[in-house]
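Examining the three-dimensional arrangement
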Amino acid sequence: MALSTRILNILNMPQVSMSYAREVAWAVDYWKREYAKVTAQSKTAWEQYNEAIDKELPRAEINEYYFIAKLFDELKRDTWHQLDDAKARYLELQN
């Protein structure tokens, strides 16, 4: 029991708390940048898909563009969830 009390005391030290606060703030900034990047890539992928339709490319190529655009949409969704989780951790830390 004494060992777990020591570990608890170490984890509750201000240095560890501040380090975790910096880590959470970094995570929010990182996921914001990643979300902006993936959003731009998703937009570009859908534009290329629409151009492929306008150029009347073969159906197989249009399907490939569609698959790529959907892939970027999934990446965008996953990145949004990561950003949302990081923001939630940040809010928990502030309260």
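Placed above this text is the structure.
Described in the following lines is the structure provided in the data block. Treat the numbers as computed from the prediction; the structure is a model and nothing was measured. (Residues numbered from 1 in each chain as written. Predicted model: local features only at pLDDT ≥ 70, side-chain atom pairs only at ≥ 80, totals over all residues. Heavy atoms only, no water.)

Right, let's get into the side chain of Thr79. On the secondary structure map, Thr79 appears in helix 3 (residues 59-94). Given the relative accessible area of 8%, Thr79 is considered buried. Dropping the residues within four chain positions of it, Thr79 is found in contact with Trp31, Glu34, Tyr35 and Val38. (Helix = DSSP H or I, 4+ residues; strand = E, 2+ residues; numbered from the N terminus. Buried < 20%, exposed > 50% of the residue type's maximum accessible area, 1.4 Å probe, protein only. Contact = heavy atoms within 4.5 Å.)

It is worth spelling out the packing of aromatic side chains at this point. Applying the stated criterion to the full structure yields six aromatic pairs. Ring centres of Tyr30 and Trp31 lie 5.0 Å apart, and the angle between their planes is 75°; on these two criteria the pair is classed as edge-to-face. Aromatic pair Tyr49 and Tyr66: ring centres 5.6 Å apart, planes at 55°, arrangement tilted. Of this pair, Tyr49 sits in helix 2 (residues 14-54) while Tyr66 sits in helix 3; the two residues are 17 residues apart in sequence, bridging distant segments of the chain. A relative accessible area of 15% places Tyr49 in the buried class. An aromatic cluster is present here, built from Trp26, Tyr30 and Trp31 joined pairwise through their rings. (Phe/Tyr/Trp six-rings, centres within 6.5 Å; stacked < 30°, edge-to-face > 60°.)

If you check helix 3, its first and last C-alpha atoms are 52 Å apart, about what 36 residues at 1.5 Å a residue would give, namely 52 Å. All of the buried residues in helix 3 are Ile62, Ala69, Thr79, Leu83 and Ala86. (Expected span 1.5 Å × (residues − 1).)

Together, Glu47, Glu51, Asp54 and Glu56 give the surface a local cluster of negative charge. Considering the arrangement of structural elements, one finds Glu56 in the loop between helix 2 and helix 3. (Patch = residues over 30% accessible without salt bridge, like charges linked within 9 Å, V, L, I, M, F, W, Y side chains within 5 Å. Areas by Shrake-Rupley, 256 points an atom, 1.4 Å probe, with all protein chains shown as cover. Salt bridge = Lys/Arg side-chain N within 4 Å of Asp/Glu carboxyl O. Lys, Arg positive; Asp, Glu negative; His and termini not counted. Charge placed at Lys NZ, Arg CZ, Asp CG, Glu CD.)

Bringing the environment of Asp73 into the picture now. In this structure, Asp73 sits in helix 3. Relative accessible area serves as the criterion here: at 26%, Asp73 is assigned to the partly exposed category. Once the C-alpha coordinates of Asp73 and Ser42 are considered, the two residues, 31 residues apart in sequence, prove to be 6.0 Å apart. In contact with Asp73, other than residues within four places in its own chain, are Ser42 and Trp46. In this structure the side chain of Asp73 is engaged in a polar contact, spanning 3.0 Å, whose partner is the side chain of Trp46. (Polar contact = N/O pair within 3.5 Å; in protein donor to acceptor, adjacent residues only side chain to side chain.)

The subject of this paragraph is the pattern of salt bridges. In total, this model carries two salt bridges according to the counting rule given. A salt bridge links Lys37 to Glu34; the nearest nitrogen and oxygen atoms lie 3.2 Å apart. Pair noted here: Lys37 and Glu34 are both in helix 2, with a separation of three residues, about one helical turn. Residue class for Glu34 comes out buried when judged on its relative accessible area of 18%. With its nearest N and O atoms 3.3 Å apart, the salt bridge here joins Arg77 to Asp78. With relative accessibility at 38%, the residue Asp78 sits in the partly exposed group.

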